[in-house]
Amino acid sequence: MKLFVDTADLNEIREAASLGVISGVTTNPTLLAKNGSGDVKSTIQEICRLVPNGPVSMECVTETAEEMLAEGREFVKWADNVYVKVPFNVEGMKAVRAMTNEGIRTNVTLVFSTNQVLLAAAAGATFISSFVGRLDDIGFDGLQVIQEAVELIELHEFDSQILAASIRHPLHVTQAAAAGAHISTIPFKVIKQMYNHPLTDKGIAAFKADWEKLNGPVSV
Ligand code: G3P
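About the cut-offs
- Residues numbered from 1 in each chain as written.
- Predicted model: local features only at pLDDT ≥ 70, side-chain atom pairs only at ≥ 80, totals over all residues.
- Heavy atoms only, no water.
- Axes fitted to C-alpha atoms, helices over the stretch in contact; angles between N-to-C directions.
- Helix = DSSP H or I, 4+ residues; strand = E, 2+ residues; numbered from the N terminus.
- Parallel < 35°, antiparallel > 145°, perpendicular 65-115°, else oblique.
- Contact = heavy atoms within 4.5 Å.
- Nonpolar A, V, L, I, M, F, W, Y, C, P; charged D, E, K, R; others polar.
- Near = heavy atom within 4 Å.
- Polar contact = N/O pair within 3.5 Å; in protein donor to acceptor, adjacent residues only side chain to side chain.
- Pairing = 2+ DSSP bridges.

Visitor: Give a detailed account of the packing of helix 1 (residues 10–18) against helix 3 (residues 40–50), specifying residues and quantitative values.
Guide: Where helix 1 meets helix 3, the axes come as close as 10 Å, and the angle between the chain directions of the two elements is 10°. Here helix 1 is positioned roughly parallel relative to helix 3, judged by the angle of their axes. Contact residues: helix 1 offers Leu10, Ile13, Arg14 and Ala17, while helix 3 offers Thr43, Glu46, Ile47 and Leu50. Grouping the constituent residues of the contact of helix 1 with helix 3 by class yields 5 nonpolar, 1 polar and 2 charged.

Visitor: Any details on the site of the ligand? Residues and values, ideally.
Guide: Taken together, the residues surrounding the ligand are Asp6, Asn28, Lys85, Phe131, Arg134, Ala165, Ser166 and Arg168. A distance of 2.9 Å separates an oxygen atom of the ligand from a polar side-chain atom of asparagine 28. Looking at the shell around the ligand residue by residue, the classes come out as 2 nonpolar, 2 polar and 4 charged.

Visitor: Pulling in residues and values, what's your account of the sheet that holds strand 4 (residues 82–87)?
Guide: Strand pairing in a sheet takes place through backbone hydrogen bonds and is either antiparallel or parallel in direction. The 8 strands lie next to each other as 1-2-3-4-5-6-7-8, forming a closed barrel whose pairing is parallel. Taken pair by pair, the neighbouring strands of this sheet meet at an average axis angle of 30°, ignoring direction. Docked against the sheet, helix 4 (residues 65–78) engages strand 3 (56–59) and strand 4, running at close to 155° with respect to strand 4.

Structure below.
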């Protein structure tokens, strides 16, 4: 499973890229609004420079297939690693089909059911962002959709990849990986939480203390 970072905050992306474990970035209008730079094109171009070998998702905000296609054609001019994020609905899937036919790579977002996954895959989606946390938030099992989606994508040999999105905590990442998700896009705060374990910290401290008993203070 590839790990993407789910943010438009350039400082978070710089730090995430330095970790050596991130393969891409997803943004959305809410994350870009929080970033507050105002100049979306420049922000996306900087993100594409920070993660040059990974997909960077930029989301359409218009409503008709024709308008979204026009947005997508513009977004991919910004950098070679821009993927066009398209919300799931009838017009969105028409736009994804048209973009696919033009070789524009897509990320279908706001997907909550297995049938939506099937339709997005049939439209040619490159990535399909199946939301976990927002389903959990209303008492449904977000991971079940991921599990079914991966099984059907692989059973029917669709080219689309399942991207676990709307991740709320490290366990979601573990569960998405276990369910076979191809990608998980993770808030930077959760990435940092994934590194932490109290027993690791305790063990490192104990190793250092025992070493110093034998060899004196560690000096570099
Ligand atoms: O960016 C797409 C998705 O990961 C956002 O999910 O629920 O945190 O807004 P959410």
